[in-house]
Amino acid sequence: MPAKGDGSVSSQPNQPLWPPLWLLAELTYRCPLHCVYCSNPVDYTAYGEELTTEEWVRVLREGRQLGATQLGFSGGEPLVRDDLEVLVAEARRLGYYSNLITSGVGLNERRIAALKEGGLDHIQVSFQDSTREMNDFLSSTRTFDLKRRIAKLVKQYDYPMVLNVVLHRLNIDHVGQILELAAELEAEYVELANTQYYGWAYLNRDLLLPSREQLERAEEVTNRFRERVGNRMKIYFVVPDYYENRPKACMNGWGSVFLNLTADGLALPCHEARMLPGLDFPSVREHDLRWIWHDSPAFNRYRGDEWMQEPCRSCPEKAKDYGGCRCQAYLLTGDAALADPVCDKSPHHALITLAVERAHQKNISVAAQPVLLYRDDKNSRALSRKTPIA
Amino acid sequence: MNEDSVLELARHYRFQWEQAQQAYVLLYPEGMVKLGTSAGEILKRVDGISPVSAIVADLERAFPGADLRRDVTEFLAHASERGWIRVKPA
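Residues numbered from 1 in each chain as written. Chains lettered and ligands numbered in written order. Predicted model: local features only at pLDDT ≥ 70, side-chain atom pairs only at ≥ 80, totals over all residues. Heavy atoms only, no water.

*Asks:* In this structure, what is going on with helix H9 (residues 212-229) of chain A? I would like to understand it.
*Replies:* The α-helix advances 3.6 residues per turn, and as a result positions three or four apart in sequence lie on the same side. Residue and element names in this part refer to chain A. For H9, which comprises 18 residues, the first-to-last C-alpha distance of 26 Å matches the rise-based estimate of 26 Å (1.5 Å per residue) to within 8%. Within H9, burial applies to Gln214, Leu215, Ala218, Thr222, Phe225 and Val229. The arc that holds the buried residues of H9, viewed along the axis, is 95°, so those residues lie on one side. Opposite the buried face of H9, at more than 90 degrees from it, the exposed residues are Arg224 and Glu227. Next to the buried residues of H9 lie helix H6 (175-184), strand E6 (189-194) and strand E7 (234-238). Note on H9: the residue one or two positions beyond its end, Gly230, has a positive phi of about 60°. (Helix = DSSP H or I, 4+ residues; strand = E, 2+ residues; numbered from the N terminus. Expected span 1.5 Å × (residues − 1). Buried < 20%, exposed > 50% of the residue type's maximum accessible area, 1.4 Å probe, protein only. Arc of directions from axis to C-beta. Contact = heavy atoms within 4.5 Å.)

*Asks:* What is the right way to read the layout of surface pockets from this model?
*Replies:* The space that makes up the second largest pocket amounts to roughly 890 Å³. Elements with a minimum of two residues in the lining of the second largest pocket: E7 of chain A together with strand E5 (85-87) of chain B. Counting residues per element, the lining of the second largest pocket draws most heavily on E7 of chain A, at 3 residues. For the lining of the second largest pocket, the residue count by class is 13 nonpolar, 4 polar and 10 charged. (1 Å grid on protein atoms, 1.4 Å probe; cavity = no way out; pocket = protein on both sides within 12 Å on 5 of 7 lines; lining within 4 Å. Points joined across faces, edges and corners; volume = space filled by probe spheres on them. Nonpolar A, V, L, I, M, F, W, Y, C, P; charged D, E, K, R; others polar.)

*Asks:* Before we go on, may I ask you to explain the interface of chain B and chain A in this structure?
*Replies:* Often, the extent of an interface is quoted as the loss of accessible area upon association of its parts. Taken together, the contacts link 14 residues of chain B with 24 residues of chain A. Between chain B and chain A, roughly 1500 Å² of surface is buried when both sides are summed, and carbon and sulfur atoms account for 51% of that area. Interface area lost by chain B to chain A is led by Arg14, Pro29 and Glu30 of chain B, which between them contribute 43%. Our count for the chain B to chain A interface comes out at 3 salt bridges. Taking the shortest distance from any N to any O, the salt bridge between Arg14 of chain B and Asp121 of chain A comes out at 2.7 Å. Those elements that provide at least two residues to the side of chain B that touches chain A are strand E2 (14-18), strand E3 (23-28) and strand E4 (31-34) of chain B. (Buried area = accessible area lost by both parts, 1.4 Å probe. Salt bridge = Lys/Arg side-chain N within 4 Å of Asp/Glu carboxyl O.)

*Asks:* Got a minute to help me understand the sheet that holds E6 of chain A in this structure?
*Replies:* Within a sheet, neighbouring strands are paired by backbone hydrogen bonds and run either parallel or antiparallel to one another. Residues and elements named next belong to chain A. Strand order in the open sheet made by the 9 strands is E7-E6-E5-E4-E3-E2-E1-E8-E9, with mixed pairing throughout. Every other strand in the sheet has two partners, leaving E7 and strand E9 (267-268) as the edge strands with one partner each. Lying on the sheet, helix H2 (residues 84-94) is in contact with strand E2 (70-74) and strand E3 (97-102); it crosses E2 at an angle near 175°. The sheet strands contacting H6 are strand E4 (122-127), strand E5 (161-167), E6 and E7, and the helix crosses E6 at an angle near 155°. (Pairing = 2+ DSSP bridges. Axes fitted to C-alpha atoms, helices over the stretch in contact; angles between N-to-C directions.)

So, in structure tokens, the structure goes:
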């Protein structure tokens with residue numbers, strides 16, 4: 001990528017830049033749940049004020065002008081914002097296909113009716129497990145029964161429903177029951193998303209990483225269930241990349257189709273990039289989205305392949321996986337420009353295999369066993385004082 | 001599906017013109033299909049009112065000189081198989 005005189009870089013010649021097709025609006029970091037694998041930054045309590053309604057409306061308009069089509073309202077818990085209905089209605093007017101990504105907490109008949117009226121297109125409800133005990137333990141709340149009621153409300157209002165469950169060692173053996181629950185609740189889509197190990201999940205990795213046997217069993221159960229239900233339900237099974245030997249094509253490439261907006265107005269190429277040092281991510285309070293997407297140095301930093309080092313640079317698969325995930329490379333090796341260690345061509349691949357082994361050590365003494373760290377304000381403040389994060 | 005079938009978009013799907021991409025797209029939960037020119041022209045006419053024969057006739061008026069029946073019915077069958085459209089219940 002040729003550098004311009006003003007310090008910004010242009011996208012690659014001969015390769016027109018796509019619009020950010022997917023916009024994720026993390027409206028708030030506030031959340032009534034405390035999930036041990038939350039994808040919010042571990043130091044979320046250290047960040048500034050949330051964008052106002054007017055600021056969000058302006059940013060949504062800019063996103064639409066850029067060509068964004070899918071819009072997710074996420075968080076934290078987006079229902080914590082009492083202007084959600086206003087933003088949903090604005091999104092519809094602008095022509096977005098919008099999705100509410102929620103724990104269900106805060107949804108009631110009055111609000112769901114207003115969201116329908118405003119033109120919300122679909123709702124993704126998260127469950128932590130198929131059992132009340134594990135659901136409530138993992139989120140450190142009593143929300144299981146509430147979630148079931150919310151799922152019924154979603155169907156009553158004729159929304160297509162995505163049921164999302166994050167999988168890990170403590171619930172992956174319940175995949176069969178989770179799918180039964182999804183069928184009972186008439187979900188059209190089920191996302192069985194194995195935990196990705198960033199942020200809170202990275203801190204809890206030794207307790208969350210499933211074994212290979214668990215994973216294979218879960219995939220088998222899922223495939224049998226797929227055959228049984230056919231087209232009635234679409235099931236996505238996201239594999240945990242620690243058991244792969246090639247990295248995921250993270251976000252379909254840096255700054256390629258995905259644009260994440262944080263509660264306090266930072267624009268990021270993924271949920272996790274905020275932790276990468278030295279990138280100076282632009283704020284929507286200071287720049288318009290067009291400049292951010294096309295011209296900001298941060299969004300151009302890992303576009304194309306000029307930034308790659310070996311073994312990626314000469315790798316025939318680099319156009320397929322883009323060297324994997326920059327955040328995972330940084331988190332595990334300290335250098336975001338290295339190959340994702342998931343790749344077995346990476347000289348750091350042993351970090352992955354060691355993590356898997358450590359997570360499954362037998363005979364570990366009780367005293368040495370780590371405890372799950374819940375995502376809450378107290379833990380976040382303690383982690384904010386430590387730098388670097390993770 | 002036959003000549004007299006009335007088709008409509010699948011539930012929860014939205015069809016719209018995208019200025020930035022200069023293309024029609026289909027939007028649905030967790031996904032989007034960018035349509036080619038002819039696919040866009042065909043789906044634009046899937047309105048829950050017109051039978052397949054009327055869609056073909058309208059396209060042949062808009063693009064004179066071509067026998068489009070086969071291409072159109074093939075595409076509609078494909079779109080139905082992908083779950084984008086369905087035969088409207090009588």
